[in-house]
Amino acid sequence: MFRRVLIANRGEIAVRIVRACRELSIETVAVYSAADEGALHTQIATRAMCIGPAKASESYLNMSALLTVALATQCDAVHPGYGFLSENPDFADLCAENGLVFIGPPGHVISRMGNKSAARALMRKSGVPVVPGSDGPVTSVKEAEEISQRIGFPVLIKASAGGGGRGMRQVDTLEQLPTLFAEAKAEAEACFGNGEVYVEKLIVNPRHIEFQILADAHGNVIHLGERDCSIQRKHQKLIEESPSRALTEDLRQRMGEAAVKAARAADYLGAGTIEFVLSSEGAFYFIEMNTRIQVEHPVTEFVTGLDLVHAQLRIAAGLPLSLTQEDIACSGHAIECRINAEDPHHDFRPSPGRTEFLHLPGGPGVRVDTALFAGWDLSPHYDSLAAKIIVHAPTRLEALRKLRRALEELMIAGYPNTADLCYLIAYEPDFMRGCYDTGYLDTHLEQLLQFGENCVSGGKEHA
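Being a predicted model, the structure only gives us computed values, none of them experimental.

1. Thoughts on the packing of aromatic side chains
In this description, a pair of aromatic rings is defined by centroid distance and the angle of the planes. In the structure shown here, the tally under the stated rule is ten aromatic pairs. When the ring of Tyr-60 is compared with that of Phe-84, the centres are 5.1 Å apart and the planes differ by 25°; the resulting orientation is stacked. Of this pair, Tyr-60 sits in the loop between strand E3 (47-52) and helix H3 (63-72) while Phe-84 sits in the loop between strand E4 (77-79) and helix H4 (89-97), and the two are 24 residues apart along the sequence. Their ring planes at 45° and their centres at 5.4 Å tell us that Phe-373 and Trp-376 sit as a pair that is tilted. Exposure remark for Phe-373: the relative accessible area of 27% places this residue in the partly exposed category. A relative accessible area of 12% means that Trp-376 is categorised as buried.

Structure, rendered in structure tokens:
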């Protein structure tokens, strides 16, 4: 096992990694920007070092600074968390070249699976279902038109190197295609430094189902069940749960087998996620692989009883998986809400600020992953995630009740956030029945917010 690990990240995931390392008697070196001086992850790590100013490109994305700190502090390995450099193949390669273990897959695997069109081609070759579309990057409007007419509108133009909805455009008619094709390419170039795009059939309002996988260096690959991540805004997940109400046991088995097949095809190593869309007719298609730990990994930890960060560390240290697929048994139901410093009343506008008051929920089956504390300034320079509230109970109904109770106890004062919206969703009839898809917030948001305002104004009048 490692003696000392550099954590190339910040916020709640850095805190999560520090805790996992401490439980395995591994020393940790935290890094921080000038904006994060005094942050929680720097206070609980074995050691902390500043790596630059607030701007991410000059701190958390500064590969040279990170490697310098790792080598100067005699670290054995680097854990990238999620975001920042976690899916950067150059960083993984640089770690290896400098004698550091990158806690994740090798650079060539990240590169292969990070290019969405290349990943689609690999999955198709390996017999994993993919959404109908182009066989690779599309280089011209004419080619995009031919493919779109063959597979039928609506289609998506997507950045090959993209993610998070950037470099993506929905095209409903042939007339729209030239303009939206140019927009997608320009945004892809601006966001990722790579203007390649591909075309695929738009599966209208599917379920977004992802399977957690683990793969070691000894040829063992298993999946840990699914997470339903269909409650999204702007292609960003808001609520995740496991198991999914949309899956039968037969479908779950087939999707799990496809996820393992996908990981084997990629020659994967570590913890990762195979993401599918599931149509209303029950057909599922591979859309991408996330070659890192996911924000929503606690959902899987609750239902399996496993620690995924421990697993990452053990796999990276060369140890074999201690479990087979037959050993994995999911128990109960888990739900996670992302509490973001965003204003749902203003198109989820980021709304960072000082945490004036904080009270976190607790009790059996309630987990809170956060780096917040009272008086801490949630920085405008980084992601708006403030906290994750995760609950677990024997049944989905009991988990919903526990989630409501936890959100009632949660108090974050100082800036707008998504806690109230998550609370309203937990009572909304369609969500309670598990009848939702990726279009849920498009059709329910206005009603939810209006209901929330009426409750507040009604309470004031009553008072």
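2. Points about unusual backbone geometry
Here Phe-153 and Pro-154 are connected by a cis peptide whose omega angle stands at 0°. For the bond running from Ser-242 to Pro-243, omega is 0°, close enough to zero to count as cis. Within the secondary structure, Pro-243 is located in the loop between strand E11 (236-242) and helix H9 (249-265). The backbone phi angle of Ser-25 is positive, close to 60°, even though this residue is not glycine. Inspection of the secondary structure assignment puts Ser-25 in the loop between helix H1 (11-23) and strand E2 (27-33). Positive phi values are uncommon outside glycine, yet Phe-348 reaches one of about 55°. Within the secondary structure layout, Phe-348 lies in the loop between strand E15 (342-343) and strand E16 (349-350).

3. Some remarks on helix H10 (residues 297-304)
Here H10 lies mainly inside the structure; seven of its eight residues are buried. Those residues of H10 lying buried are His-297, Pro-298, Val-299, Thr-300, Glu-301, Val-303 and Thr-304. Residue Gly-305 follows H10 closely and has a positive phi angle near 80°.

4. Points about the nonpolar core
Ranked by internal contacts, the top residues of the largest apolar core, which has 41 residues, are Ile-231, Ile-239, Ile-339, Ile-425 and Leu-441. Mapped by element, the contributors of at least two residues to this core are E11, strand E14 (333-340), strand E18 (366-370), strand E19 (385-393), helix H12 (396-409), helix H13 (419-425) and helix H15 (440-462). Among all residues touching Leu-441, those that are not within four sequence positions of it are Ile-231, Gln-232, Arg-233, Leu-238, Phe-348, Ile-425 and Leu-448. Counting 30 residues, the second-largest nonpolar core is a separate cluster that includes Cys-21, Ala-30, Ala-271 and Ile-315.

Cut-offs and rules
Sequence positions are assigned chain by chain, starting from 1 and proceeding in written order. Only residues with pLDDT of at least 70 get local features here, since the model is predicted, and only at 80 or more are side-chain atom pairs given and counted; chain-wide, interface and lining totals rely on the full set of residues. Derived side-chain values reflect all non-hydrogen atoms in the structure, with water molecules and hydrogen atoms excluded from consideration. Aromatic rings from Phe, Tyr and Trp, with only the six-membered ring used for Trp, were paired whenever their centres fell within 6.5 Å, and each pair was classed as stacked if the ring planes differed by under 30 degrees, edge-to-face if by over 60, and tilted otherwise. Labels follow the DSSP assignment, with helices taken as runs of H or I lasting at least four residues and strands as runs of E lasting at least two, numbered in each case from the N terminus. Using a 1.4 Å probe on the protein chains alone, a residue whose accessible area is under 20% of its type maximum counts as buried, one over 50% counts as exposed, and one in between counts as partly exposed. For the purposes of this section, nonpolar cores are sets of buried Ala, Val, Leu, Ile, Met, Phe, Trp, Tyr and Cys residues that join through side-chain atoms within 4.5 Å. Contacts were defined at the residue level, with two residues in contact if any of their heavy atoms lie within 4.5 Å.

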